[in-house]
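Structural features, examined
Single-letter residue listing:
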Amino acid sequence: MTRRLSAWFALLAAATLLVGCERPPVDTVQRGYRGTGMELVYNPRTLAAMAPLNVAPPLPDPASPDGPKAKQVFKNVQVLGDLSIGEFTRYMTAITAWVAPVEGCNYCHDPENLGEDKKYTKVVARRMMQMTNHINADWKSHVAETGVTCFTCHRGGAVPRQVWFKPQPQELRANFIGDRDGQNQASKTVGLSSLPYDPFTPYLLSAQTIGVGADTALPTGHVASIVHTEQTYGLMVHMSEGLGVNCTYCHNTRNFKSWEGAPPQRATAWQGIRMTRELNNDYLVPLTPAFPPNRLGPTGDVAKVYCATCHQGAYKPLNGAQMAKAFPEVLALGGARPTDGLPAPQADAVRAVLFFATGSAALDPDQAKGLLVLVATLSAQPRATVAVSGYHSASGDLAGNQALARQRATSVRDSLLAAGVAPARVKLEKPLQAEANLVGEDPAARRVEVTLK
Ligand code: HEC
Ligand code: HEC
Ligand code: HEC
Ligand code: HEC
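Definitions and limits used
- Residues numbered from 1 in each chain as written.
- Chains lettered and ligands numbered in written order.
- Predicted model: local features only at pLDDT ≥ 70, side-chain atom pairs only at ≥ 80, totals over all residues.
- Helix = DSSP H or I, 4+ residues; strand = E, 2+ residues; numbered from the N terminus.
- Buried ≥ 20, exposed ≤ 12 C-beta atoms within 10 Å, placed from the backbone.
- Contact = placed C-beta atoms within 7 Å.
- Near = placed C-beta within 6 Å.
- Expected span 1.5 Å × (residues − 1).
- Nonpolar A, V, L, I, M, F, W, Y, C, P; charged D, E, K, R; others polar.
- Core = buried A, V, L, I, M, F, W, Y, C linked by C-beta atoms within 7 Å.
- Pairing = 2+ DSSP bridges.
- pLDDT = per-residue confidence, 0-100.

With respect to the overall build of the protein chain
Regarding its fold elements, the protein chain presents 15 helices and eight strands. Of all 453 residues assigned to the protein chain, the portion counted as buried reaches 31%. In the protein chain, 65% of the contacts between residues at least 6 apart in sequence involve partners at least 24 apart.

Side note on the site of ligand 2
As a matter of local geometry, ligand 2 sits amid 25 residues, with Met128, Cys150, Cys153, Ala158 and Ala303 nearest to it. Only helix H4 (85-99), helix H5 (120-138), helix H7 (150-154), helix H10 (265-284) and helix H11 (307-311) provide two or more residues apiece to the shell around ligand 2. With six residues, H5 is the largest single contributor of residues to the shell around ligand 2.

Quick word on helix H15 (residues 398-418)
Spacing of three or four residues puts side chains on the same side of an α-helix, whose turn is 3.6 residues. Compared with an ideal rise of 1.5 Å per residue, which puts 21 residues at 30 Å, H15 spans 30 Å between its outermost C-alpha atoms and is within 8% of the ideal. Along H15, the residues classified as buried are Asn401, Leu404, Ala405, Arg408, Ala409, Ser411, Val412, Arg413, Ser415 and Leu416. Where the residues of H15 are buried, they touch strand S4 (351-355), helix H13 (365-368), helix H14 (372-380), strand S5 (386-392), strand S6 (426-428) and strand S8 (447-452). Note on H15: the residue one or two positions beyond its end, Gly420, has a positive phi of about 100°.

Side note on the site of ligand 3
Near ligand 3 there are 23 residues, and of these Gly211, Met236, Cys247, Cys250 and Ala269 occur at the shortest range. Mapped onto the shell around ligand 3, the elements with two or more residues apiece are helix H9 (226-243) and H10. A per-element tally of the shell around ligand 3 places H9 first, with seven residues. Grouping the constituent residues of the shell around ligand 3 by class yields 15 nonpolar, six polar and two charged.

Structural notes on the nonpolar core
Counting residues in hydrophobic clusters, the biggest one holds 49 residues, and the most contacted among them are Leu80, Tyr91, Cys150, Met239, Leu284, Leu287 and Tyr306. Looking at this core, the elements that each hand over two or more residues are H4, H5, H7, helix H8 (200-205), H9, H10 and H11. Residues within four places of Leu287 in sequence aside, it is in contact with Val124, Arg127, Val302 and Gly359. Grouped together as the second largest cluster of nonpolar side chains are 22 residues, Phe356, Leu371, Val386 and Val448 included.

Points about unusual backbone geometry
Excluding glycine, residues mostly carry a negative phi; peptide bonds, for their part, are mostly trans. Of note in the backbone geometry, Leu192 takes a positive phi value of approximately 60° without being a glycine. Among the secondary structure elements, Leu192 is positioned in the loop between H7 and H8. A residue is classified by how many C-beta atoms lie within 10 Å of it, and Leu192, with 12 of them, is exposed. Residues other than glycine seldom take positive phi values, yet Asn319 does so here, at roughly 50°.

Thoughts on the pairing of S8
By the bridge criterion, five bridges tie S4 to S8 in an arrangement that is antiparallel. Opposite Leu354, over in S8, you have Val448 as the bridge partner. Pairing geometry for S5 and S8, over five bridges, is antiparallel. In the strand pairing of S8, Ala387 is matched with Thr451.

Focus on the environment of Arg406
Note that Arg406 resides in helix H15. Residues in contact with Arg406, not counting those within four places in the same chain, are Gly390 and Pro431.

Describing the environment of Ala214
You can see Ala214 is positioned in the loop between H8 and H9. Look at Ala214 and you get partly exposed, because 13 C-beta atoms sit within 10 Å. Separated by eleven residues in the primary sequence, Ala214 and Ser225 place their C-alpha atoms 9.2 Å from one another.

A word on the pairing of S5
Burial of S5 is extensive: five of the seven residues sit out of reach of the surface. In this structure, S5 lies alongside S6, joined through three bridges in parallel fashion. What sits directly across from Val388, in S6, is Leu428.

Observations concerning H9
Between its first and last C-alpha atoms H9 spans 26 Å; for 18 residues at 1.5 Å apiece the expected length is 26 Å, and the two agree. All buried positions along H9 are accounted for by Glu230, Gln231, Thr232, Gly234, Leu235, Met236, His238, Met239, Gly242 and Leu243. Looking at the buried positions of H9, the neighbouring elements they touch are H8, H10 and H11. A positive backbone phi angle near 65° is found at Gly244, which sits one or two residues after H9.

Observations concerning the environment of Asn43
Take Asn43: it is sitting in the loop between strand S2 (39-42) and helix H2 (44-50). You can call Asn43 partly exposed: it has 16 C-beta atoms within 10 Å. Along the chain, Asn43 and Pro24 lie 19 residues apart, while their C-alpha atoms are 7.9 Å from each other.

With respect to the confidence of the model for the protein chain
On average, residues of the protein chain score 86 in pLDDT, and 89% of them are at 70 or above. Element-level mean pLDDT values for the protein chain span from 61 in helix H1 (residues 2-18) up to 98 in H11.

Printed below as a string of structure tokens:
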């Protein structure tokens, strides 16, 4: 009797252990020489479930490039001005289908006045157009000729299905659990392992070195601590899950660190990490003040991009469908920097006026040159101080505008401090509203003034 009972228990234990495993059949694809273990394991059921998620929508017929340009007809086109009216309308229709198919044009537009930038969604969408063009023009090392469109991330919804926020810090009241230090809790972001569940802030926002091993035998100043090691594995789990592949897709598992014998996809992935980091820092983070609070994360940060935002479980987004190619006229607008087309900075010995891109608080290097004369005055007059005032436009959300104006003023102050001006000599003033402008977004309103006192 006891023997039978213990057999039952053994069976139960085995069944419990196997729950974590996948039910057969499982397909194996060999990627290296036989016997080297360079194999990819696919589950046909997972593949079948993933397939409908990665289908590209039908594309519209081409439009005529002839006739007047959008910038000759419309009031406020800062990105798409060089398209013909036909091409422009075709693109507006396409982005509506990709981002707001249910809500339609009014998701971004005030139907009374299409040229105005009243809705935050339009301001964000313009920056997204610049970001998409930039990815296609300047990150061919990652996206090749496949490229991306709004659909790559959005898939018919205003918020992409897969984005990340910084997690809420653990509340450390009187509890028995103690400080989990951002780990030891099964988390979806790292494949339900107990690895640090935010491996994204260090690598896809900051540029912490990825690695688990030192280059030297003794601890001679290398940085690969246990925390870095765990974070590296956390990121790798996300990369594998995001692309629906095993580690062998990018590594020769004989030696994870070595690039020798690693599949070429590892180099593409390396570029992908840099690209993702740049998209977050140059496009999404500066847009933070544009978003309403309900779109922000638990710590007030903006939704950010990681590998899964574009890939969504496929080795190439949409299994390699080349949607961007159907919009050669938009691709041709290229990777113009968002600060292209801003007025030149104004500068003299007592005042500098610097301009900013829509929704952005980043001070462009060309604009920063406008500070040079003033910095020279300050070094010649050691008692002089400067006041820094950020202006914002009259349209849109007031609180968001003020926050943005303040961030812009802070960027300018940081730039002055970096040029060697003592902090006590730079005074930040309250954000000011620029004179009301009726014709949509006015580049002259997005400015910071620095005045000698
Ligand atoms: C996802 C947001 C979004 C949706 C949806 C959208 N638009 Fe736009 N629209 C924009 C942005 C951004 C601009 C400015 C482009 C630029 O600066 O080059 C714009 C500009 C325009 C303009 C130029 C207005 C002017 O006078 O400057 C027209 C006309 C227009 N859109 C029509 C439409 C129509 C029609 C639809 C629906 C089929 C539509 N849009 C859907 C974001 C959107
Ligand atoms: C690399 C991925 C990516 C691409 C490509 C992309 N977006 Fe986005 N988009 C995002 C992320 C991330 C957000 C922030 C999510 C949120 O709104 O909370 C966002 C937000 C938006 C929003 C605000 C939606 C809302 O309701 O808050 C609009 C509008 C938008 N994108 C339009 C576009 C358009 C138009 C394009 C193509 C020209 C585009 N996006 C391309 C990632 C992308
Ligand atoms: C999509 C490609 C890709 C996949 C899948 C992938 N890796 Fe990586 N891995 C990389 C790249 C690229 C680097 C180097 C990153 C860098 O230096 O910026 C890297 C680095 C590493 C390192 C650090 C090596 C060092 O220098 O110390 C380890 C360890 C590692 N990966 C393990 C794994 C494991 C384990 C898996 C599976 C869970 C995995 N990787 C899946 C691309 C990948
Ligand atoms: C902005 C969208 C986007 C993001 C974000 C992105 N990728 Fe990609 N990735 C692509 C596109 C598009 C391709 C297809 C390029 C091609 O056709 O060769 C691709 C291709 C790849 C490939 C090559 C696949 C193959 O078999 O040739 C790898 C590996 C890869 N990505 C890894 C990553 C990793 C890792 C990350 C996150 C760190 C990442 N990607 C983030 C868009 C993206």
